[in-house]
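Breakdown of the fold
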Amino acid sequence: MRYNEISHFSHPQHMLKFEYTEVLFKCDGCKEVGIGSRYRCAACDYDLHLHCALPSPSFTHPFYTKCSFQFCARPPGTVARYCNACEKDVTGFMYHCKSCGFDLHPCCAKLPVVLDDGDVKLYLYRKVSASCHRCGRKGRSWSYRSSCKKYNLHVACVKEMLVESWHDHQIMANNSNFGRGVNNNFHGGGKLETRIPKGTLQSYQKRSGNKGKMKKCSEMAGLAIQFVVSAVLGDPTTLIAGVVGSLIPK
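Residues numbered from 1 in each chain as written. Predicted model: local features only at pLDDT ≥ 70, side-chain atom pairs only at ≥ 80, totals over all residues. Heavy atoms only, no water.

**Brief notes about the nonpolar core**
Note the following rule: In this text, buried Ala, Val, Leu, Ile, Met, Phe, Trp, Tyr and Cys residues form a nonpolar core when linked through side-chain atoms within 4.5 Å. Exposure classes here rest on a 1.4 Å probe applied to the protein chains alone. A residue is buried below 20% of its type maximum, exposed above 50%, and partly exposed in between. Secondary structure counts use DSSP, requiring at least four H or I residues in a row for a helix and at least two E residues in a row for a strand, with both numbered from the N terminus.
Counting 53 residues, the largest nonpolar core has Trp 142 and Tyr 144 as its most contacted members. The biggest single contributor to this core is helix 5 (residues 211-232), with six residues.

Structural data, given as structure tokens:
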């Protein structure tokens, strides 16, 4: 359920208004990057993913059938914690299983099990033995894999790609305002870098021996990345094609 305006415990001084953005923002709840739907206090420059603004008090996950995850405003204890889905640090809002010690970012916890637009169907797996189209390695974090089993993307790799894009644009924004006395807290802009390393696609071409198949592979892999990026950013219902562009070499 979505509301146009909410009061949130993490920002009690002002109401947060629902809005849609096609630029990157950093969620002040989970401290992760977001795009698309959010709740925002413009006066305080405060943003929350939908999953962070309207969290479930508790939930169970199909990958951890014996666990009961509870929402936490901050990581419990004094030991550094990491998300079991993307293997990245947890520094803000999170879901924690007290009995097992597992942790999940809110957006990772709510990753759809299936992403389907009619042309591309991707399934979420806890472990996949196939190589990732982004890094070329096996294992690591949760992965999305296509129904044809040709395309595999680590959730961790998508997270790394997004963080790199966020920091690059932040540096550009800071440099453009340097010396002008402008206090500009970065909220993104421009297209995200979703390039797949050439070596991965070249190896596919060698196996297939067909440039046409390689081009089709590039197009389908690019579309797959766009869907996974939208899900990881906390807005799986919308394909933000204008921002999450495919920059794969043709």
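**Re the packing of aromatic side chains**
Spelled out, the test is: Each aromatic pair joins two rings of Phe, Tyr and Trp (for Trp, the six-membered one) with centres within 6.5 Å, and gets the label stacked for planes under 30 degrees apart, edge-to-face for over 60, and tilted for any other angle.
One pass over the structure, following the stated rule, counts 11 aromatic pairs. Where Phe 59 meets Tyr 95, the ring centres are 4.8 Å apart and the plane angle is 80°; that geometry is what we call edge-to-face. In this pair, Phe 59 is assigned in strand 5 (residues 58-61) and Tyr 95 in strand 9 (residues 94-96), connecting sequence segments 36 residues apart. The burial state of Phe 59 is the same as that of Tyr 95; both residues are buried. Judged by centre distance (4.8 Å) and plane angle (85°), the ring pair of Phe 63 and Trp 142 falls under edge-to-face.

**What about the sheet that holds strand 6 (residues 64-72)?**
Neighbouring strands of a sheet are bound in pairs by backbone hydrogen bonds; such pairs are parallel or else antiparallel. For clarity, the cut-off: At least two bridges found by DSSP between two strands is the condition for calling them paired.
Reading across the sheet, the four strands line up as 5-6-9-10 and stay open at both edges, with antiparallel pairing between neighbours. Where the open sheet ends on each side, the last strands, each with one partner, are strand 5 and strand 10 (103-104). Across two bridges, the pairing between strand 9 and strand 10 is antiparallel. Counted as the bridge partner of Tyr 95 is Leu 104 from strand 10.

**Topic: the pattern of salt bridges**
Here is the rule we go by: Note on definitions: salt bridges are taken to be side-chain nitrogens of Lys or Arg within 4 Å of carboxyl oxygens of Asp or Glu.
As enumerated under the stated definition, the model contains five salt bridges in all. Arg 38 is paired through a salt bridge with Asp 47; the nearest N and O atoms lie 3.2 Å apart. The two residues Arg 38 and Asp 47 agree in class, both being buried. Of the charged contacts, one joins Arg 81 and Asp 103 as a salt bridge, the two residues approaching to 2.6 Å between their closest N and O atoms. Separated by 22 residues along the polypeptide, Arg 81 in strand 7 (residues 81-82) and Asp 103 in strand 10 bring together distant segments of the chain. Salt bridges sharing partners connect three or more residues here, namely Glu 19, Arg 38, Arg 40, Asp 45 and Asp 47.

Coordinates in, geometry out; function isn't part of it.
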